[in-house]
Amino acid sequence: MTTIDTVKTNAPGRAANVGLWVLQVLLAGAFLMAAYTKLAATPQAVEGFEQIGLGLWFMYAIGVVELAGAVALLVPALSGPAALGLAALLVGATVTQLLVDEPATALFPVAYLVPMALVAWGRRARTARLVRLLGGRG
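Residues numbered from 1 in each chain as written. Predicted model: local features only at pLDDT ≥ 70, side-chain atom pairs only at ≥ 80, totals over all residues. Heavy atoms only, no water.

1. Some points on the nonpolar core
Part 1: Ranked by size, the top nonpolar core spans 22 residues in total, and within it Phe31, Leu73, Ala83, Leu86, Met116 and Val119 carry the most contacts.
Part 2: For this core, the elements supplying multiple residues, two or more each, are helix 1 (14-39), helix 2 (43-52), helix 3 (56-73), helix 4 (79-100) and helix 5 (107-122).
Part 3: It is helix 4 that contributes the most residues to this core, 6 residues altogether.
Part 4: Those residues in contact with Val119 that sit more than four places away from it in its chain are Leu20, Leu23, Gln24, Leu27, Leu73 and Ala83. (Core = buried A, V, L, I, M, F, W, Y, C linked by side-chain atoms within 4.5 Å. Buried < 20%, exposed > 50% of the residue type's maximum accessible area, 1.4 Å probe, protein only. Helix = DSSP H or I, 4+ residues; strand = E, 2+ residues; numbered from the N terminus. Contact = heavy atoms within 4.5 Å.)

Here it is, written out as structure tokens:
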């Protein structure tokens, strides 16, 4: 009789994996729409970034980051790092809203930050694997 040793990983179970994918698709859609408003320079986006005072170049830069993050959320190997990056972007958006606009507007980025942090946590094994591969310790 032989025994099979199993290696415990931080990977989520099947149901959690499905739930994370649903969140990732929904969040990717939200970030694609957000990126569009910035890259298309909609009046609302332009007004918001003028209020911040960092110029339109910053609006376009954030739009590119949101677009790249949305696409990366849908790539299995990149989903964890993408969630971390977008979570950092959301923290910055929250702080900006608190400092520049009405404090209540900070609730919008926080509402996206919570599920994004959940995705980042759920995909932490993928993030660690990518870091090991990029560090040459494959």
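What follows picks up the thread again.
2. What about the environment of Asp101?
Part 1: Inspection of the secondary structure puts Asp101 in the loop between helix 4 and helix 5.
Part 2: Asp101 gets classed as partly exposed once you look at its relative accessible area, which sits at 30%.
Part 3: Along the chain, Asp101 and Val65 lie 36 residues apart, while their C-alpha atoms are 22 Å from each other.
Part 4: The contacts of Asp101, once residues within four sequence positions are left out, are Gln51 and Thr96.

3. Details of the packing of aromatic side chains
Part 1: Taken as a whole and assessed by the stated rule, the structure comprises 3 aromatic pairs.
Part 2: Centroid distance Phe31 to Tyr112: 6.5 Å. Interplanar angle 75 degrees. Geometry classified as edge-to-face. Here the residue Phe31 occupies a position in helix 1, and Tyr112 occupies one in helix 5, the gap between them amounting to 81 residues.
Part 3: Given a relative accessible area of 5%, Phe31 falls into the buried group.
Part 4: Looking at Tyr112, the relative accessible area reads 38%, which means it is partly exposed. (Phe/Tyr/Trp six-rings, centres within 6.5 Å; stacked < 30°, edge-to-face > 60°.)

4. Some thoughts on the side chain of Gln24
Part 1: Tracing the chain through its elements places Gln24 in helix 1.
Part 2: A distance of 2.7 Å separates a polar atom in the side chain of Gln24 from a polar atom in the side chain of Arg123.
Part 3: Ignoring sequence-local partners within four residues, the contact set of Gln24 consists of Leu73, Leu74, Ser79, Val119 and Arg123. (Polar contact = N/O pair within 3.5 Å; in protein donor to acceptor, adjacent residues only side chain to side chain.)

5. Observations concerning helix 3
Part 1: For helix 3, with 18 residues, the first-to-last C-alpha span of 26 Å sits near the 26 Å given by 1.5 Å per residue.
Part 2: Within helix 3, the full set of buried residues consists of Met59, Ile62, Gly63, Glu66, Gly69, Ala70, Ala72 and Leu73.
Part 3: Among the structural elements, helix 1, helix 2, helix 4 and helix 5 are those in contact with the buried residues of helix 3. (Expected span 1.5 Å × (residues − 1).)

6. A look at unusual backbone geometry
Part 1: Phi is positive for Ala41, close to 55 degrees, though the residue is something other than glycine.
Part 2: You can see Ala41 is positioned in the loop between helix 1 and helix 2.

7. Observations regarding the environment of Leu74
Part 1: Looking at where Leu74 falls in the secondary structure, it is placed in the loop between helix 3 and helix 4.
Part 2: Judged by its relative accessible area of 39%, Leu74 falls in the partly exposed class.
Part 3: A sequence separation of 49 residues divides Leu74 from Val25, and the C-alpha atoms of the two residues are 6.8 Å apart.
Part 4: Once residues within four sequence positions are removed from consideration, Leu74 is found in contact with Trp21, Gln24, Val25 and Ala28.

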